[in-house]
Amino acid sequence: MSQQASLTKLLPFIRPYKIQIGLALFALVFTSGVMLSLGQGVSYLIDQGIASGSRDALRYSILFFLLLVALVAIGSFFRFYLVSWIGEKVVADLRKAVFSHLIHLHPAFFEEQKSGEIQSRITTDTTLLQSVIGSSISIALRNSIMLVGGTVLLFITNAKLTLIVLLSVPLVIAPILFFGRRVRALSKTTQDEIAKVGGHVGESLRHIKVVQSLNQQQNDSKLFNNMVDQAFFVSVQRIRQRAFLSVVVITLSMSAIGVMLWVGGNDVMQGRISAGDLGGFLFYAIIVAVAVAAISEVMGELQRAAGAAERLIELLNTPNKILSGADALPPIEEAESADSHGVIRFEQVVFQYSSRDKAAINDVNLTIQQGERVALVGPSGAGKSTLLELLLRFYDVDMGRICIYNKNIKDMALETLRSQLAIVPQQPVLFDMTVAQNIAYAKPEATQAEIENAAQAAHADEFIQQLPDGYDSDLGENGVRLSGGQQQRIAIARAILKDAPILLLDEATSALDAQSEHHVQQALEHLMQGRTSLIIAHRLATVLNADRIIVMDQGNLVAQGTHAQLLNTSPLYAKLAQLQFHTT
Ligand SMILES: Nc1ncnc2c1ncn2[C@@H]1O[C@H](COP(=O)(O)OP(=O)(O)O)[C@@H](O)[C@H]1O
Ligand SMILES: [Mg+2]
C-alpha cells in the first residue's frame, strides 16, 4: 500500500527508540493476549461459577476474572505511556530537524513558498503525525492482534457460529467503509474550511488599522460569516453521514448478534454447547467487531498521516542552494596588506532573480578600499538593495564573483562572511522581545552596560529610558509600539553592538521627521567611524560625506565620483540630486 511506503520515510526518526518500541510492542501483545483470554474467563465464570450453582466456584471465577482485568489494566498503562512517549518524542525530533533545516535554507525558497503554508506544515502536519504515531498506529496494531486472535478463538470455540459471524462481517463492514469514506472526505473539507476561516481572521486582525480606516469591518464580518456558515454546512453533512453510519452499524451488528444468539441458544438448549461457550463466543464476537470498526476508523487517519509525513520529509529534503564554503577568514592584518585588492570587490557580477526574465545586476565591477565610505544612489529598482543582498550571500551570483579581503565569498564559511558584515536594512526588523534583547540579538551574551553603550551611540538611550520598563519594555510584534525613527535607531544600536568591520546601510528617510532624521543621522555617523561602509543613500548629508558616490541604473554602474563632479558629468545623478536631495 502506498501509505506504508510514505510512512516508512519516518523510519530514521523512529529507529533511535528501538528499546522503547520493543517494550511498547511487548505491552501491546501482552494486553491483547490477556484481553483475549478474558473470553475464557467469561466462559469459565458462566460454566463453573454460575451454572454449577456453587458460591465458592463463583467467587473463585470472579477472582480469576478480576486478576485478568488487573493485568490488562497494568499492561494498558505501559502500552499507553510508551506508545504516546514514542509519538511525542519522534514528532519533537522531527519538528527540530525541520526547523533547523529551514532556518539555514536559501532565502529564495521562502519567496517561492507561502510562509503560512510552511508554518502549517510544521505545526498542523506534525500534530497530525503526533496523534497517528502516538495512538492510531497503536490502535491499528492492537486491534489487528485482537482481530486475528479473536477470529482464531471464535473458530476454536464454535466453528458453526463463527461462520454466521464471518458471513455477517461483510454486511457490517461494507456500509462502514462506504459511509466512512464520505465522512472522511467531508471532514477534510471541514478542516480546509476552518483553515481558511483561521487565515482570514488572522489577516484582518493583524491589519486592524487598515480594515478600520477603510471602513471594512462590516464587509469582513460578512465574509467571515459566510465562511463560518460554509464550514457549518459541511459539518452538518458530515454529521448526517455519521448519524446514518451509526444507525446502520448498530442495526446490522445487533441483528447479527441476535441471529447468533438464536442459533447458539438453540444449541445450548439441545446440549450441543455449554452456556459458558456461548458467553465466551459472544465476547469474542464483540471483540472482533470492535476491532474491525476501530481499524477502519484509523485507516483514514493513517492515510492522512502518510500525506503529512510526505510533506514534512519533502521540506526536510529541500536542498540548500546557498552552501557554506569551508575557509575561515584570513587574519585582518593580511587583509590590510592586501589593500590593493580592496576590502570588497565585485568582479563582472551578473545576477537575475529566478522569478524575473531580466537581470537585476548587469556586469558590475566595483572595488571598495579599507575604511572607505561609498554611497550608492540610483532610482528605485536600480538594483542597489540586490547588491547588498549578494554581498551577504542571500543569493549567489550567476556570473563573475564577489570577494571580501581578496577571497571569493563562496569559498568562505557563511558564518565567517556574515560576521564581517553588519547591515541596517531599510525596514528595521524588530522581534517581539524586550528592547535589550532586540539590541543584543546579534550578541546574546552582551552585558547590560554594552547594550546601553550601543543604545547611547545610536541616540536611542533617551527614548528607551522613557519607555514604561526602560530596557525591559516589550516591543510587540515587529516593534509596533515604537515610531519609525525609534525602530531604526534600535536597528542601528544592534549593528553597533555587532561591531563588524564592514557596514551595509539601506538608509530610509521616508518614515522620518526632521527631528528623528537628525538623530538617525548622528547615530549613523557614529556607526560608520573606522569602518568600511557601503550605503544606499537617500540623504544629501550622506552623499556629501561619502568618499565616493556610485550611480546605479537598471543593474549597471553608470557613473561615479564626488557630488560636485557627478552634478556635471551624470545627468541621471543631477536629476536624482534635484528630486531626492532637494539641491539645485
Ligand atoms: N526577491 C526578489 N524577487 C524578484 N525580483 C526582485 C526581488 N527583489 C528585487 N527584485 C527586482 O530586482 C530589481 C532591483 O531591485 P532592488 O535591488 O530592490 O532595487 P533598489 O534597491 O535599487 O530599489 C527590481 O526590478 C526588483 O523588482
Ligand atoms: Mg532597495
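Rules used throughout
Residues numbered from 1 in each chain as written. Chains lettered and ligands numbered in written order. Predicted model: local features only at pLDDT ≥ 70, side-chain atom pairs only at ≥ 80, totals over all residues. Heavy atoms only, no water. Helix = DSSP H or I, 4+ residues; strand = E, 2+ residues; numbered from the N terminus. Rg over C-alpha atoms; globule rule 2.2 N^0.38 Å. Buried < 20%, exposed > 50% of the residue type's maximum accessible area, 1.4 Å probe, protein only. Contact = heavy atoms within 4.5 Å. Areas by Shrake-Rupley, 256 points an atom, 1.4 Å probe, with all protein chains shown as cover. Lys, Arg positive; Asp, Glu negative; His and termini not counted. Charge placed at Lys NZ, Arg CZ, Asp CG, Glu CD. Near = heavy atom within 4 Å. Polar contact = N/O pair within 3.5 Å; in protein donor to acceptor, adjacent residues only side chain to side chain. Nonpolar A, V, L, I, M, F, W, Y, C, P; charged D, E, K, R; others polar. Pairing = 2+ DSSP bridges. Axes fitted to C-alpha atoms, helices over the stretch in contact; angles between N-to-C directions. Patch = residues over 30% accessible without salt bridge, like charges linked within 9 Å, V, L, I, M, F, W, Y side chains within 5 Å. Salt bridge = Lys/Arg side-chain N within 4 Å of Asp/Glu carboxyl O. Expected span 1.5 Å × (residues − 1). Domains from an automatic or database assignment. Parallel < 35°, antiparallel > 145°, perpendicular 65-115°, else oblique. Left-handed = near helix turned anticlockwise from the far one by under 90°.

A. Representation of the overall build of the protein chain within the structure. Along its length, the protein chain carries 21 helices and 10 strands. In terms of overall dimensions, the protein chain is more spread out than a globule: its C-alpha atoms have a radius of gyration of 36 Å, far above the 25 Å expected for 584 residues. By principal-axis analysis of the C-alpha atoms, the protein chain measures approximately 120 × 55 × 50 Å. For the protein chain, with 584 residues in total, the buried portion stands at 44%. In the protein chain, the share of contacts with a sequence separation of at least 24, taken over all contacts with a separation of at least 6, comes to 76%. Of the roughly 30,500 Å² of accessible surface on the protein chain, a fraction of 60% belongs to carbon and sulfur atoms. The positive charge centre, built from 47 side chains, and the negative charge centre, built from 51, are 11 Å apart in the protein chain.

B. View of the environment of Glu-452. With respect to the helices, strands and loops of the structure, Glu-452 is situated in helix α15 (residues 448-457). Expressed as a C-alpha distance, the spacing of Glu-452 and Ala-493, which sit 41 residues apart in the sequence, is 9.0 Å.

C. Quick look at the site of ligand 1. Contacts to ligand 1 come from 14 residues, most closely from Arg-356, Gly-381, Lys-384, Ser-385 and Thr-386. Here an oxygen atom of ligand 1 and a backbone polar atom of Ala-382 are 3.2 Å apart. Thr-386 has a polar side-chain atom sitting 2.4 Å from an oxygen atom of ligand 1. For ligand 1, the accessible surface in isolation is 560 Å², of which the surrounding protein chains cover 70%. No other element matches helix α12 (residues 384-391), which puts three residues into the shell around ligand 1. In terms of residue class, the shell around ligand 1 is made up of five nonpolar, six polar and three charged.

D. Focus on the sheet that holds strand β5 (residues 407-408). Taken in spatial order, the four strands line up as β2-β1-β4-β5 in an open sheet, and their pairing is antiparallel. The sheet terminates laterally at β2 (361-368) and β5, the two strands that pair on one side only. Bridge analysis of strand β4 (residues 399-404) against β5 gives two bridges, and the strand direction is antiparallel. By the bridge assignment for β5, Cys-403 is matched with Asn-408. Most of the contacts of α12 go to strand β1 (residues 344-351), to which it runs at about 115°, and overall it touches β1, β2 and β4.

E. Geometry of a negative patch on the surface. Residues Asp-432, Asp-469, Asp-472, Asp-474 and Glu-477 make up a contiguous surface patch of negative charge. Positionally, Asp-474 belongs in the loop between α16 (461-465) and α17 (484-498). What makes Asp-474 partly exposed here is its relative accessible area of 43%.

F. Fine view of α17. Helix length check: α17, at 15 residues, gives a terminal C-alpha distance of 21 Å against a target of 21 Å (1.5 Å per residue), a fit within 8%. In this fold, the buried residues of α17 make contact with β6 (421-424), α14 (435-439), α15, α16 and α18 (514-528). At the exit of α17 stands Asp-499, carrying a positive phi of roughly 55°.

G. Inspection of the domain arrangement of the protein chain at higher detail. Looking at the protein chain, the domain boundaries give domain 1 (3-316) and domain 2 (421-499). Look at where the C-alpha atoms of domain 1 and domain 2 centre, and you get two points 51 Å apart.

H. Quick look at the packing of helix α3 (residues 18-51) against helix α10 (residues 275-316). Packing of α3 against α10 brings their axes to within 7 Å, and their N-to-C directions diverge by 155°. When the axis of α3 is compared with that of α10, the two are roughly antiparallel. You can see that α3 and α10 cross each other, and the crossing is right-handed. Of the residues in α10, those touching α3 at Met-35, Leu-36, Leu-38, Gly-39, Gln-40, Val-42, Ser-43, Ile-46 and Asp-47 are Ala-275, Gly-276, Asp-277, Gly-279, Gly-280, Phe-283, Tyr-284 and Ile-287. In terms of residue class, the contact of α3 with α10 is made up of nine nonpolar, six polar and two charged.

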